[in-house]
Amino acid sequence: MARVGKAGHASHPQKLSLDYLLASLVADGLISDQRQQQLQRRRSRSDVPGADLHPLVIIAEQGWQSAGSPSFPLTLEYLTRWLAEHSNLPTCASTR
């Protein structure tokens, strides 16, 4: 049986892909369909650097704000916590 995440998604694939994470962010209302499609088009071109980067790093490097109100930055730290929650994994409190 597949685990179900916060927004009712089936469990993530063994290897996280940019497409999976973007679709999950759209489903959770954190980014728009337009942003998802824009990044997928840019990443599908072979001349775009960073193919070896983790998908969360690629998303964080976009400098996006969340789609909701009030909006907030989709930083690597936020995206990492979101993914852990989305995958039903425990998170630790910030040390700051």
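Residues numbered from 1 in each chain as written. Predicted model: local features only at pLDDT ≥ 70, side-chain atom pairs only at ≥ 80, totals over all residues. Heavy atoms only, no water.

**Considerations on the environment of Ser 17**
Under the convention used in this document: To qualify as a helix, a DSSP run of H or I must reach at least 4 residues; to qualify as a strand, a run of E must reach at least 2; elements of each kind are numbered from the N terminus. Burial status follows relative accessibility: with a 1.4 Å probe on protein chains alone, a residue under 20% of its type maximum counts as buried, one over 50% as exposed, and anything between as partly exposed. N or O atoms closer than or at 3.5 Å make up a polar contact, with two conditions inside protein: a donor-capable atom paired with an acceptor-capable one, and, for residues adjacent in sequence, both atoms drawn from side chains.
Relative to the helices and strands, Ser 17 resides in the segment before α1 (18-27). Overall, the relative accessible area of 30% leaves Ser 17 in the partly exposed class. A C-alpha to C-alpha distance of 6.3 Å links Ser 17 and Pro 55, two positions 38 residues apart in sequence. Within the local environment of Ser 17, its side chain forms a polar contact with the backbone nitrogen of Tyr 20, the two atoms lying 3.0 Å apart.

**Concerning the pattern of salt bridges**
Opposite charge on two side chains permits them to pair, given that their charged atoms come into close proximity. The criterion, for reference: Think of a salt bridge as a Lys or Arg side-chain nitrogen and an Asp or Glu carboxyl oxygen that are within 4 Å of each other.
Overall, the coordinates contain one salt bridge when judged by the stated rule. With its nearest N and O atoms 3.8 Å apart, the salt bridge here joins Glu 77 to Arg 81. Separated by four residues within a single helix, Glu 77 and Arg 81 lie in helix α4 (residues 76-86), roughly one turn from each other. Glu 77 sits in the partly exposed class, given a relative accessible area of 41%.

**A closer look at unusual backbone geometry**
Cis geometry marks the peptide bond from Ser 69 to Pro 70; its omega dihedral reads 0 degrees. Mapped onto the elements of the fold, Pro 70 is located in the loop between α3 (55-60) and α4. In this model, Asn 88 sits at a positive phi of 60 degrees, which is unusual for a non-glycine residue. Within the secondary structure layout, Asn 88 lies in the segment after α4.

**A word on the confidence of the model for the chain**
Low pLDDT means the predicted coordinates in that region are not meant to be read closely. The condition that has to hold: pLDDT is a residue-level measure of predictor confidence that goes from 0 to 100. We call two residues in contact when some of their heavy atoms are within 4.5 Å.
Taken over all residues, the pLDDT of the chain has a mean of 83, while the share at 70 or more is 77%. Counting interchain partners and residues more than four positions distant, the pLDDT-below-50 stretch residues 1-5 has 11 contacts.

**Observations regarding the packing of α1 against helix α2 (residues 33-44)**
Stated precisely, the cut-off is as follows: Structural elements are reduced to axes, namely lines fitted to C-alpha atoms, with helices fitted over the stretch in contact, and the angle between N-to-C directions of any two is expressed from 0 to 180 degrees. Convention used here: angles under 35 degrees read as roughly parallel, angles over 145 as roughly antiparallel, angles from 65 to 115 as roughly perpendicular, and any remaining angle as oblique. Only Asp, Glu, Lys and Arg are considered charged, only Ala, Val, Leu, Ile, Met, Phe, Trp, Tyr, Cys and Pro nonpolar, and every remaining residue, Gly among them, polar.
Two elements in contact, α1 and α2, have axes whose closest approach is 9 Å; the angle formed by their N-to-C orientations is 170 degrees. Relative to α2, the element α1 is oriented roughly antiparallel. For the pair formed by α1 and α2, the contact residues are Leu 18, Asp 19, Leu 22, Ala 23 and Val 26 on the first element and Asp 33, Gln 36, Leu 39, Gln 40 and Arg 43 on the second. Tallied by class, residues from the contact of α1 with α2 come to five nonpolar, two polar and three charged.

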